[in-house]
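Here are the chains, one letter per residue:
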Amino acid sequence: MQTVDAAGLQIGDDHPPRIMGVLNVSKESPYSPSVYDDPAEAAQYVDEELIGEGADIVDVGLESANKRLDVLSAEDELDRLDTAIETIESVSGDAIFSIETRYAEVAEAAIEGGFDMVNDICGFADPEMPEICREYDVAVAKMASPPDLERPGAVEETDWAARKSPDWANSADYVDQVYEALKQNGLTEKTIVDPAFGGWSEAKTIAEDHATFERLREFRGFGRPILVSINRKNFLRTIADRSTEKALPVSLAATALAVERGAHIVRTHDVEETVDAAKIGSAFTERAAVVGDGATVTELDARRGTEVARHLETIGASTDDSEAYVSRVFEVSGLDPDAAAELADVAESAGLVVTTGDGGVLLGGRPDALRAAASELASKPAFAPVVEAIRTD
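Residues numbered from 1 in each chain as written. Predicted model: local features only at pLDDT ≥ 70, side-chain atom pairs only at ≥ 80, totals over all residues. Heavy atoms only, no water.

Trainee: Go over helix H8 (residues 206-214), please, and point to the residues and values.
Mentor: Here H8 has its buried residues at Glu208, Asp209, Thr212 and Phe213. Along the axis of H8, the buried residues cluster in a sector spanning 135 degrees; they form a single face. Packing partners of the buried residues in H8 comprise helix H7 (174-181), helix H9 (234-240) and helix H10 (248-260). (Buried < 20%, exposed > 50% of the residue type's maximum accessible area, 1.4 Å probe, protein only. Helix = DSSP H or I, 4+ residues; strand = E, 2+ residues; numbered from the N terminus. Arc of directions from axis to C-beta. Contact = heavy atoms within 4.5 Å.)

And the structure:
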């Protein structure tokens, strides 16, 4: 995993999770506590509510990303940039300042005005953006998006048949699309990837955000730090049936999980609480890496064939054998001795590792071996629960 240096702030596996607090200088933004148009008041908010509560990065938005609102032009954003620059000049606390924009010319003006990094919500849809970030040697968070400056995050609206192929478009699921969208116009040496949580388009579903979160480890395949923006998002609120106002606990639970699954930056409006949740996630994250004599050995946190496939893609290898690196283990209890013996025989014949004891059967192995065992047992009603549990497709 590559460490990204954001104006001296190290971001990556070998460093604590970083917290990105949010300031908006856009009157139309929906979260009113973070919205300011007076630089002095904005600076006070940043010092007290963001940096004062533990934010490492302050992300300044010039416009609302609400899909129901008109998109501002680069000129419109530049008109608001003076307020943002005056704000960060008035801040007394120590933090990295990120400008949220989709336009390379706005990013350049912001960097010239004192900003340290860029948060590109259109994922390099402006082809000049990566060049600007390289020229100024700044870190850039790249959110998965279509090649359209007016459709941030609307990954599913991409013409995938034209961009990839009709066959790929027919077989790819939403997370595949997100992963592919992040490849748009390449990556800089200081790119941080953002899989675009939230309702960026009318077509986006709660289930798609669930799938992205469940498969968050896959995005480690880029070998770059990961940013997540999950604070009080709908896909979390619906699980616990909470309003936005009462959604802080679900956000914090998800933050700890996200860090354990690979997130390096958590973008939030609730800084103090999120700092604690990220610490919990980090404390229980296990990743081994050894560096020596020019070689780096990293234990991959890969639990699915798709997660392994992303790393195989990164090293330029075939993904055909990605499931060979994955193993699952099941404990089966409650079978009579004859059924337990039959299960053990079938499992061994399928290539699984099996151990039988007085209390049940332990079996495990590759997904293809599990599928083979499930297929062999499928016609026998006594093994229906076993088949349901071990089937991996």
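Now that the structure has been shown, the text picks up again.
Trainee: Now, about the sheet that holds strand E5 (residues 96-101): what can you tell me, with residues and values included?
Mentor: What the 8 strands build is an open sheet, ordered E8-E7-E6-E5-E4-E3-E10-E9; its pairing is parallel. For this open sheet the edge positions go to strand E8 (191-194) and strand E9 (227-228), each flanked by a neighbour on one side alone. When strand E4 (residues 57-61) meets E5, the two strands line up parallel, connected through 5 bridges. Paired with Val58 across the bridge in E5 is Phe97. (Pairing = 2+ DSSP bridges.)

Trainee: Residue-level account of the state of the cysteines, with values.
Mentor: Two cysteines form a disulfide when their sulfur atoms are joined by a covalent bond. Taken as a whole, this structure holds 0 disulfides when the rule is applied. For Cys122, which is in no disulfide, the shortest distance to another cysteine sulfur is to Cys133 and amounts to 14 Å. For Cys122, a relative accessible area of 0% puts it in the buried group. Residue classification places Cys133 among the buried positions, given a relative accessible area of 1%. (Disulfide = S-S within 2.5 Å.)

Trainee: Break down the pattern of salt bridges for me, with residues and values.
Mentor: Enumeration according to the criterion identifies 27 salt bridges in this entry. Measuring nitrogen to oxygen at the nearest pair gives 2.9 Å for the salt bridge that ties Arg310 to Asp176. Here Arg310 is found in helix H12 (residues 305-314), whereas its partner Asp176 is found in helix H7, with 134 residues between them in sequence. The two residues Arg310 and Asp176 agree in class, both being buried. Note that Glu313 and Arg310 form a salt bridge whose closest N and O atoms lie 3.9 Å from each other. One end of the pair is Glu313 and the other is Arg310, both in helix H12 and 3 residues apart, which spans about a single turn. (Salt bridge = Lys/Arg side-chain N within 4 Å of Asp/Glu carboxyl O.)

Trainee: Which residues make up the sheet that holds strand E13 (residues 328-332), and what values go with them?
Mentor: Pairing is antiparallel in the open sheet, where 3 strands are placed in the order E13-E15-E14. Of all the strands in the sheet, just E13 and strand E14 (353-357) have a single pairing partner and so form its edges. The average undirected angle you get between the axes of adjacent strands in this sheet is 10 degrees. (Axes fitted to C-alpha atoms, helices over the stretch in contact; angles between N-to-C directions.)

Trainee: Talk me through a negative patch on the surface; I want residue IDs and the actual numbers.
Mentor: A cluster of like negative charges, contributed by Asp38, Glu41, Glu75, Asp76, Asp79, Asp82, Glu86, Glu89 and Glu105, occupies part of the molecular surface. Per-element tally for the negative patch: the top contributor is helix H2 (residues 74-90), with 6 residues. Along the polypeptide, Asp79 turns up in helix H2. A relative accessible area of 62% means that Asp79 is categorised as exposed. (Patch = residues over 30% accessible without salt bridge, like charges linked within 9 Å, V, L, I, M, F, W, Y side chains within 5 Å. Areas by Shrake-Rupley, 256 points an atom, 1.4 Å probe, with all protein chains shown as cover. Lys, Arg positive; Asp, Glu negative; His and termini not counted. Charge placed at Lys NZ, Arg CZ, Asp CG, Glu CD.)

Trainee: I'd like to hear about the packing of aromatic side chains, residue by residue, with values.
Mentor: The description of two aromatic rings rests on the distance between their centres and on the angle between their planes. Summed over the entire model, instances satisfying the criterion amount to 6 aromatic pairs. Arranged with centres 6.0 Å apart and planes meeting at 50 degrees, the rings of Phe213 and Phe235 form a pair that is tilted. In this pair, Phe213 sits in helix H8 while Phe235 sits in helix H9, placing the two residues 22 residues apart along the sequence. Both residues of the pair, Phe213 and Phe235, belong to the buried class. Taken together through their ring pairs, the aromatic side chains of Tyr179, Phe219 and Phe222 make up a single cluster. A cation over a ring is seen here: Arg310 above Tyr179, with NZ or CZ 4.0 Å from the ring centre. (Phe/Tyr/Trp six-rings, centres within 6.5 Å; stacked < 30°, edge-to-face > 60°. Lys NZ or Arg CZ within 6 Å of the ring centre and 35° of its normal.)

Trainee: Outline the packing of helix H3 (residues 104-112) against helix H4 (residues 129-136), supporting the account with residue identities and numerical values.
Mentor: Between H3 and H4, the shortest axis-to-axis distance is 8 Å and the interhelical angle comes to 20 degrees. On the basis of the axis angle, H3 is roughly parallel to H4. The handedness of the crossing between H3 and H4 is right-handed. Contact with H3, carried on its side by Ala104, Ala107, Glu108, Ile111 and Glu112, involves Met129, Ile132 and Tyr136 of H4 and no other residues of that element. Broken down by class, the residue content of the contact of H3 with H4 amounts to 6 nonpolar, no polar and 2 charged. (Parallel < 35°, antiparallel > 145°, perpendicular 65-115°, else oblique. Left-handed = near helix turned anticlockwise from the far one by under 90°. Nonpolar A, V, L, I, M, F, W, Y, C, P; charged D, E, K, R; others polar.)

Trainee: Describe the nonpolar core, listing the residues and the values that go with them.
Mentor: Membership of the largest hydrophobic core comes to 72 residues, with the highest contact counts inside it found for Val58, Phe115, Val118, Phe219, Val228 and Ile230. Val354, Leu363, Leu370 and Ala373 belong to the second-largest nonpolar core, a separate cluster that totals 21 residues. (Core = buried A, V, L, I, M, F, W, Y, C linked by side-chain atoms within 4.5 Å.)

Trainee: Quick one: what's the story with unusual backbone geometry, residue by residue and with numbers?
Mentor: Positive phi outside glycine occurs at Phe124, with the angle close to 65 degrees. In the Ramachandran plot, Asp137 falls in the positive-phi region, its phi being about 55 degrees despite a non-glycine side chain.

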